[in-house]
Every structure is written in structure tokens, then in C-alpha cells.
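# Tertiary structure, described
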Amino acid sequence: MRKIGYAAEMQIEKSYRLPFARQRVFTAWVSSETVVAPAIRMFVEPWVGGAYHLFMDDTDAPSMAGTFLEVSEHQSLRYTWEWFGDGHVSEVAVQFTDDGEGTLISLSHGGFHSVESYQAHDLGWDSYVRGVTNILKRQAPK
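About the criteria used
Residues numbered from 1 in each chain as written. Predicted model: local features only at pLDDT ≥ 70, side-chain atom pairs only at ≥ 80, totals over all residues. Heavy atoms only, no water. Helix = DSSP H or I, 4+ residues; strand = E, 2+ residues; numbered from the N terminus. Areas by Shrake-Rupley, 256 points an atom, 1.4 Å probe, with all protein chains shown as cover. Pairing = 2+ DSSP bridges. Axes fitted to C-alpha atoms, helices over the stretch in contact; angles between N-to-C directions. Contact = heavy atoms within 4.5 Å. Buried < 20%, exposed > 50% of the residue type's maximum accessible area, 1.4 Å probe, protein only. Core = buried A, V, L, I, M, F, W, Y, C linked by side-chain atoms within 4.5 Å. Phe/Tyr/Trp six-rings, centres within 6.5 Å; stacked < 30°, edge-to-face > 60°. Lys NZ or Arg CZ within 6 Å of the ring centre and 35° of its normal.

Along the backbone of the chain there are three helices and seven strands. Its helices and strands taken in sequence order, the chain reads α-β-α-β-β-β-β-β-β-α from the N to the C terminus. Overall, the chain is about 50 × 40 × 25 Å in size when its C-alpha atoms are taken along their principal axes. With an accessible surface of roughly 8,100 Å², the chain has 52% of that area assigned to carbon and sulfur atoms.

Here you go:
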């Protein structure tokens, strides 16, 4: 019997339906202005090779850093994800699909090195999408 490590076993697969146009949802997802607590700021360069940084405090060091591997505007993203430079790099893939007058987000996040990390990210994505939804509700449609 072959033993499979955590990274191969744990893959978050989630879907969310948001009542906003796909272009609005995608634009919010890749905007440095879409800051969801507990983050206090973001730095996003949404192009292949561009950076994705999340800051949880007021230091210059990002709490999370990633690099965009694939960007298909208004359709999909794939990027790396690493907390505090700990060397545990995971990968996020997000699809944005029209769903009636709204958007279906299909999210996949894998490459976890511990059950604790998997569980924290599983809850974290729900919180993040709630935050994005609340931000979009407060904004006037564009």
C-alpha cells in the first residue's frame, strides 16, 4: 500500500454563488482595494508573474505572498499561496462563470502540509467570500 502525503490528500473544493455580474466579481477579486478583515491591506498585480500580497499588520512584510501563474480576465485565476514565508507553498485556482444574473465561483486550493492548515483555509475561504460579497453590496454597480 502506497502512503499519500497530506499535500496529495487535502484539496479544498468550494463553490459560491454571488448575485453580481462576473466582471464585477472578478475585478473585486483581483483588486488591491478589496480588503477583507483580518487583512488590513492588499497588493495585487493581476497578470502572469504578478504578485499577490496580503498584509495582516502594518509592517512592510506581507503575511501572505503569492504569484499569479495564470490569468484569464473575467474568467479564471491560478496563483501560489504562502503564509509568512514559511516555505509551504500551496496553489489556488478560481473559475468565474455566469450564473443567471450572478456569478458562480468555483475555487480549488491544494498542497497543504497539515490538517490544521487545511481546516483554517477551508473556513478562511468562506469568510473571504462573505467579505467580498459585503464589499460588492456596498459599492454602486459599475
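Having seen the structure, we can now continue with the description.
So, on to the sheet that holds strand β4 (residues 64-72). The seven strands lie next to each other as β1-β7-β6-β5-β4-β3-β2, forming an open sheet whose pairing is antiparallel. On the outer flanks of this sheet lie β1 (11-18) and β2 (41-44), each paired with one strand and no other. Direction aside, neighbouring strands of the sheet carry axes that sit 20° apart on average. Here nine bridges tie strand β6 (residues 90-99) to strand β7 (residues 102-110), and the two strands are oriented antiparallel to one another. For D98, the partnering residue across the bridge sits in β7 and is T103. Most of the contacts of helix α2 (residues 22-29) go to β6, to which it runs at about 160°, and overall it touches β1, β3 (51-55), β4, β5 (76-83), β6 and β7. Strands in contact with helix α3 (residues 115-138) are β1, β3, β5, β6 and β7; relative to β1, the strand with the most contacts, it is inclined by about 15°.

Most of β3 is tucked away: four of the five residues are buried. For β2 and β3, the ladder comprises four bridges, and the chain directions are antiparallel. Bridging from a neighbouring strand, V44 pairs with Y52 of β3. Here β2 folds back onto β3 in antiparallel fashion, the turn holding six residues, of which G49 has a positive phi close to 90°. Of the strand pairs in this sheet, β3 and β4 are connected by four bridges, and their pairing is antiparallel. The partner of Y52 across the bridge, within β4, is G66.

The next point concerns the nonpolar core. Membership of the largest hydrophobic core comes to 33 residues, with the highest contact counts inside it found for W29, Y52, Y79 and W125. Here this core takes six residues from α3, the largest share from any one element. Apart from residues no more than four positions distant in its own chain, Y79 is found in contact with W29, Y52, T67, F68, L69, S90, E91, V92, V94 and W125.

Under the defined criterion, the tally for this structure stands at 14 aromatic pairs. Centre to centre, the rings of F112 and Y118 are 5.8 Å apart; their planes meet at 85°, and the pair counts as edge-to-face. Its relative accessible area of 2% is what places F112 among the buried residues. Classification of Y118 as partly exposed rests on a relative accessible area of 24%. The rings of F26, W29, Y52, F68, Y79, W81, W83, F84, F96, W125 and Y128 are connected pair by pair, giving a single aromatic cluster. Geometry around F55 places R41 over its ring, the cationic atom sitting 3.9 Å from the centre.

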